[in-house]
Amino acid sequence: MASRRGRETAARWIFIAALLAALEGVVRLDWVDRIFVTAPSLVAATAWEKILSGELPALFVTTLFSVGAAFLLAMVVGLPAGYALWRFPLFGRAYDELLSALFASPWILLYPIFLVIFGRGLGAIIAMGFLSGMIPIALNTHHGLRDVNPIYLKVGTGMRLKERQIVRHILFPAAAPMILSGLKLGVTYILISVIAVEFLVEIGGIGTLASKGYFWFNTEELYLGMAGAIVLSMIFIHLLGRAESRLFTS
Amino acid sequence: MKNGAPILEVRNLSKEYSDFTAIDNVGFEVYRHEFVSIIGPSGCGKSTLLEMIAGLVPKSSGEVLIKGVAVKDGHASIGIIFQQESIFPWRTALENMEFGLQMQGASKDERRKKALEMIELMGLGGFENRYPDQLSGGMKQRVAIARALVMEPEILLMDEPFGALDEQTRIILGEELLRIRQEIGQTILFVTHNINEAVQLSDRVVIMSARPGKVKAVIDIDLERPRTSAVISTEKFGRLVGEVWLQLREEALKSFRQTAR
Amino acid sequence: MKPLLIQTVTVLVFAAVWETVAESGLLFAGILPGIGEILRAAWVLASSGAIFPHLLVTVHEASVGFVFAALFGIALGVLLGTQPFLRRVFEPPLLYFAATPKIILYPIFLMLLGAKLESKMAMAAVSGFFPIVVNTTIASAGVNRVFLKVARSVGASRLQIFTRVYFPSMLLPVAGGARLGIGVSLVAAILGELKVSNAGLGFIIMQSFNHFRIPEMYAGILLTFLFAAAVNVAMTLLLMRCRSFAHESAR
């Protein structure tokens, strides 16, 4: 019979399907106002239409472009910054605290400033995403390098390796899991802030669809936008998790 | 067992920290093919002593000589094995064994060949391509030993290598270690706090005092060679264990009082 | 000592660069006010008392939302943590959902609850719920099995096991989740205000943005950050009190 895991997965999907079916039924039976809630089938129909017209793919491409650009910038700055924090421990301690404080603060609320400085466009979104992704990448890179089990480095010293060899063949491979989880954290935060800003100020991407749908009383578009944003985030997180486990179990 | 000139000579070695002396004027020799254990109460600085010999910890005074030549920051012909798990989790067992040779710039074929020989010697066949998290604690320590032996060190320093293992695995690995030593004639300096282990494995046991660590006595273990773990059941084994404990008892009590505070 | 010096110098250099750029008027003319100007605007907002009704609104929204988040989060967390099957079925989707931008759900609350306080409360509740449920699940599942065995072996009742083992073991991690949750609730309420509102800290920021009163916008953001930091510090202190309480209640 089905394995335990299989049963759990089945239970999960049955639950989700039941929720969707209940929603569908409630709307079809006219128990709720169709301005507020719409049926999953109608959202799916709208989605199909917008896929064929190319509108939905274009929105996804815009969002992914913003996320990709912000991620690239965040890596280009965050990785060397994390390395520098490790290389110069005194500065490392000082700036680690500053960055952590910044990370714990509600930086998403800074977006009006970014709008003012970068204008109402993709520039502001990418800058916002960069800020939110760069900090966890730099912090994790620093922590990964700093917290490498000293026994691994001792093995290298015991073999009288050159410092360069120890850094390249021991330090970095040992810190890699932590650095990669920093990248994963970075992408997650970038995605959240990109979609949030898209929604808040209606510039480009899947977040805008939800906002516009709301303001024009187009309930199907609103729900499509929401579902699109949530599904996109989930796919991202899923793929990142898969990539991580692929890299570290063999 | 003492063949010719010693491989390792430790002369008047001391280690002082700002507020206490860890090692006080320690001296002994290890000869070719010899298996010497250092045993002492916890906190007597046995690990510090070993790491000083390996050049991992700077010495305050004294000398370490390898084949009669003083070495400062350790020597290429010293291999060391730690108690903690030290094999790299991002490399397979085989890749771990190739590590040192790779760092020395050996060709891929050469290092693969030597690592495979070591797999054979260590009885690790079938586990070559496993990653450390798929190996048991005993297997991991075998890989660590193999990684050091591939480099063909003149002397292998072992710092409580089986300390984190259960008693049965420890005895089996000890027996394995003796077999390997017999096959390749490896010289070994072994640190432990386990009296049975020291007697089971060694030709000589160096007993250290409580802090500050000094050499208190050296006991010859004249059990037959080659040995298996069955030696544990002999009367002579029991008598030697008793002899070591007699020397150690007072020191262990002293150390116990030092740390009780 | 030394890191503190570096931090101070860094903040001062940042301020000096900001001031120079703002004073020169070359880059970002009109959109980057000087620090003096921002502080003056902040002082006006605070000393005139104009900000306090808005602060109160935001606090009201965030705290009502947080109470709902805590009630549902802890209830569901204990259920998932003590029922392994439910945990394995529902924890993965919960974790996935926790990492999505919740603000996207805001239109639903706007439609159902209107543009006033209630929609922000809902935002605060939904956002604050996730850190609390995740921490509570882990905490209740992670109660040391040996402690439970010990309690059972001395014949403790279910109630005693809950109050003497579960409660003290879970208090700290759950309080940690609540600390995160209250911060997230606060930010969610303000984000809601930034989008659609007629009162609150977010409303002040957005209004000055829309009317291009730029120094006032920076001042509003500055005060909001200071308030969030104060809440964070207060929660951290409370958490430390919790720690000693957890140890005492175990007796």
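Please read all numbers here as calculations on a predicted model, not as lab measurements.

**Details of the overall build of chain B**
Point 1. For chain B, the count of helices and strands is seven helices and ten strands.
Point 2. Taken over the C-alpha trace, chain B has a radius of gyration of 18 Å; the compact-globule value for 261 residues is 18 Å, and the two agree within 12%.
Point 3. When its C-alpha atoms are laid out on the principal axes, chain B stretches across 50 × 45 × 40 Å.
Point 4. When contacts within chain B are restricted to residue pairs at least 6 apart in sequence, long-range pairs at least 24 apart make up 71% of them.
Point 5. When the accessible surface of chain B is split by element, carbon and sulfur atoms take 48% of a total near 11,600 Å².
Point 6. Charged side chains in chain B number 33 positive and 36 negative. The centres of these two groups are separated by 3 Å.

**A word on the packing of aromatic side chains**
Point 1. Inspection of the entire model under this criterion finds 21 aromatic pairs over all chains.
Point 2. For the pair A:Phe15 and C:Phe90, a centre-to-centre distance of 4.8 Å together with 80° between the ring planes defines the contact as edge-to-face. Of the two residues, A:Phe15 sits in helix α1 (residues 4–28) while C:Phe90 sits in helix α4 (residues 84–98), which places them in two different chains.
Point 3. Note on A:Phe15: relative accessible area 39%, which makes it partly exposed.

**A closer look at the interface of chain A and chain C**
The accessible area lost on association of the parts is a frequent measure of interface size.
Point 1. On the chain C side, the residues contacting the 49 residues of chain A number 44 residues.
Point 2. Across the chain A/chain C interface, buried area totals approximately 4,400 Å², and carbon plus sulfur atoms make up 82% of it.
Point 3. Linking chain A to chain C there are one salt bridge.
Point 4. With a closest N to O distance of 2.4 Å, A:Glu8 and C:Arg88 form a salt bridge.
Point 5. Here chain A and chain C share ten residue pairs in polar contact (both at pLDDT 80 or more) between them.
Point 6. When residues of the side of chain A that touches chain C are assigned to their parent elements, the largest contribution, ten residues, is made by helix α10 (residues 219–248) of chain A.
Point 7. Residue classes in the side of chain A that touches chain C are distributed as 35 nonpolar, seven polar and seven charged.

**Some words on the interface of chain B and chain A**
Point 1. Listed per partner, the contact involves 26 residues of chain B and 16 residues of chain A.
Point 2. Contact between chain B and chain A buries roughly 1,700 Å² in total, counting both sides, with carbon and sulfur atoms accounting for 66%.
Point 3. Where chain B meets chain A, there are one salt bridge.
Point 4. The salt bridge involving B:Glu51 is made with A:Lys154; its shortest N-O contact spans 2.7 Å.
Point 5. Across the chain B-chain A interface, the total number found is three residue pairs in polar contact (both at pLDDT 80 or more).
Point 6. Put simply, the parts of the chain that give the side of chain B that touches chain A at least two residues each are β6 (78–81) and α2 (93–103) of chain B.
Point 7. It is α2(B) that contributes the most residues to the side of chain B that touches chain A, four residues altogether.
Point 8. Here the residues of the side of chain B that touches chain A are counted per class, giving 13 nonpolar, seven polar and six charged.

**Focus on the domain arrangement of chain A**
All names here are of chain A.
Point 1. In terms of domain boundaries, chain A breaks down into domain 1 (1–32) and domain 2 (38–249).
Point 2. Placing a centre on the C-alpha atoms of domain 1 and another on those of domain 2 gives a separation of 31 Å.
Point 3. Across the boundary between the two partners, domain 1 contributes five residues, which contact five residues of domain 2.
Point 4. The contact between domain 1 and domain 2 buries some 390 Å² in all, and 65% of this surface belongs to carbon and sulfur atoms.
Point 5. Joining domain 1 to domain 2, the criterion identifies zero salt bridges.
Point 6. Summed over the shared surface of domain 1 and domain 2, the number is two residue pairs in polar contact (both at pLDDT 80 or more).

**Remarks on the pattern of salt bridges**
Residue and element names in this part refer to chain B.
Point 1. Inspection of every chain in the model, using the stated rule, returns 31 salt bridges over all chains.
Point 2. With a shortest N-O distance of 3.4 Å, arginine 170 and glutamate 167 are connected by a salt bridge. Of this pair, arginine 170 and glutamate 167 both sit in helix α5 (residues 167–184), three residues apart, which is roughly one turn of that helix.
Point 3. Among the charged side chains, a network of salt bridges with common partners joins Arg142, Glu176, Arg179 and Glu183.

**Structural notes on the arrangement of the chains**
Point 1. Where two pairs of chains are in contact, the pair with the most contacts is made of chains A and C.
Point 2. The least C-alpha distance between chain B and chain C, which are not in contact, is 22 Å.

**Examining the environment of C:Leu105**
Residues and elements named next belong to chain C.
Point 1. Looking at the element boundaries, leucine 105 is found in the loop between α4 and α5 (106–113).
Point 2. A relative accessible area of 14% places leucine 105 in the buried class.
Point 3. Taking the C-alpha atoms as reference points, leucine 105 and valine 126, separated by 21 residues in sequence, lie 9.2 Å from one another.

**Structural notes on the sheet that holds strand β2 (residues 21–31) of chain B**
Residues and elements named next belong to chain B.
Point 1. Read across the sheet, four strands follow the order β2-β1-β4-β5 without closing on themselves; strand pairing throughout is antiparallel. Each edge of the open sheet carries a strand with a single partner, namely β2 and β5 (69–70).
Point 2. Sheet topology places strand β1 (residues 6–16) next to strand β4 (residues 61–66); five bridges connect them, and they run antiparallel. Bridge pairing in β4 places leucine 8 opposite isoleucine 66.
Point 3. Strands in contact with helix α1 (residues 46–53) are β1, β2 and β4; relative to β1, the strand with the most contacts, it is inclined by about 120°.

**Some points on the domain arrangement of chain B**
All names here are of chain B.
Point 1. Split by domain assignment, chain B resolves into domain 1 (6–77 + 155–260) and domain 2 (89–152).
Point 2. Relative to domain 2, the C-alpha centre of domain 1 lies at a distance of 25 Å.
Point 3. Among the residues domain 1 hides against domain 2, the three largest losses belong to Leu156, Leu173 and Ile180. Together they make up 38% of the total.
Point 4. Inspection of the domain 1/domain 2 interface yields one salt bridge.
Point 5. We note a salt bridge from glutamate 176 to arginine 142, for which the minimum N-O separation is 3.1 Å.
Point 6. Counting across the interface, domain 1 meets domain 2 through three residue pairs in polar contact (both at pLDDT 80 or more).

**Quick notes on the sheet that holds strand β10 (residues 215–220) of chain B**
Residues and elements named next belong to chain B.
Point 1. Spatially, β6-β7-β8-β3-β9-β10 is the arrangement adopted by the six strands of the open sheet, whose pairing is mixed. The open sheet is flanked by β6 and β10, the only strands paired with a single partner. Between one strand and the next, the sheet's axes are offset by a mean angle of 15°, whatever the strand orientation.
Point 2. Where strand β7 (residues 155–159) and strand β8 (residues 187–192) come together, five bridges link them in parallel fashion.

**Topic: the nonpolar core**
Point 1. Counting 100 residues, the largest nonpolar core has A:Tyr111, C:Ile104 and C:Leu191 as the members making the most contacts within it.
Point 2. Ranked by size, the runner-up nonpolar core spans 46 residues in total, among them A:Leu145, A:Val155, B:Leu50 and B:Ile78.

**Brief notes about the side chain of C:Lys102**
All names here are of chain C.
Point 1. Tracing the backbone through its elements, the reader meets lysine 102 in the loop between α4 and α5.
Point 2. Of the buried charged residues, lysine 102 lacks a salt bridge, with glutamate 91 as the closest side chain of opposite charge at 15 Å.
Point 3. When neighbours within four sequence positions are excluded, lysine 102 is seen to be in contact with Phe97, Met123, Val126, Ser127 and Phe130.

What counts as what
Residues numbered from 1 in each chain as written. Chains lettered and ligands numbered in written order. Predicted model: local features only at pLDDT ≥ 70, side-chain atom pairs only at ≥ 80, totals over all residues. Heavy atoms only, no water. Helix = DSSP H or I, 4+ residues; strand = E, 2+ residues; numbered from the N terminus. Rg over C-alpha atoms; globule rule 2.2 N^0.38 Å. Contact = heavy atoms within 4.5 Å. Areas by Shrake-Rupley, 256 points an atom, 1.4 Å probe, with all protein chains shown as cover. Lys, Arg positive; Asp, Glu negative; His and termini not counted. Charge placed at Lys NZ, Arg CZ, Asp CG, Glu CD. Phe/Tyr/Trp six-rings, centres within 6.5 Å; stacked < 30°, edge-to-face > 60°. Buried < 20%, exposed > 50% of the residue type's maximum accessible area, 1.4 Å probe, protein only. Buried area = accessible area lost by both parts, 1.4 Å probe. Salt bridge = Lys/Arg side-chain N within 4 Å of Asp/Glu carboxyl O. Polar contact = N/O pair within 3.5 Å; in protein donor to acceptor, adjacent residues only side chain to side chain. Nonpolar A, V, L, I, M, F, W, Y, C, P; charged D, E, K, R; others polar. Domains from an automatic or database assignment. Pairing = 2+ DSSP bridges. Axes fitted to C-alpha atoms, helices over the stretch in contact; angles between N-to-C directions. Core = buried A, V, L, I, M, F, W, Y, C linked by side-chain atoms within 4.5 Å.

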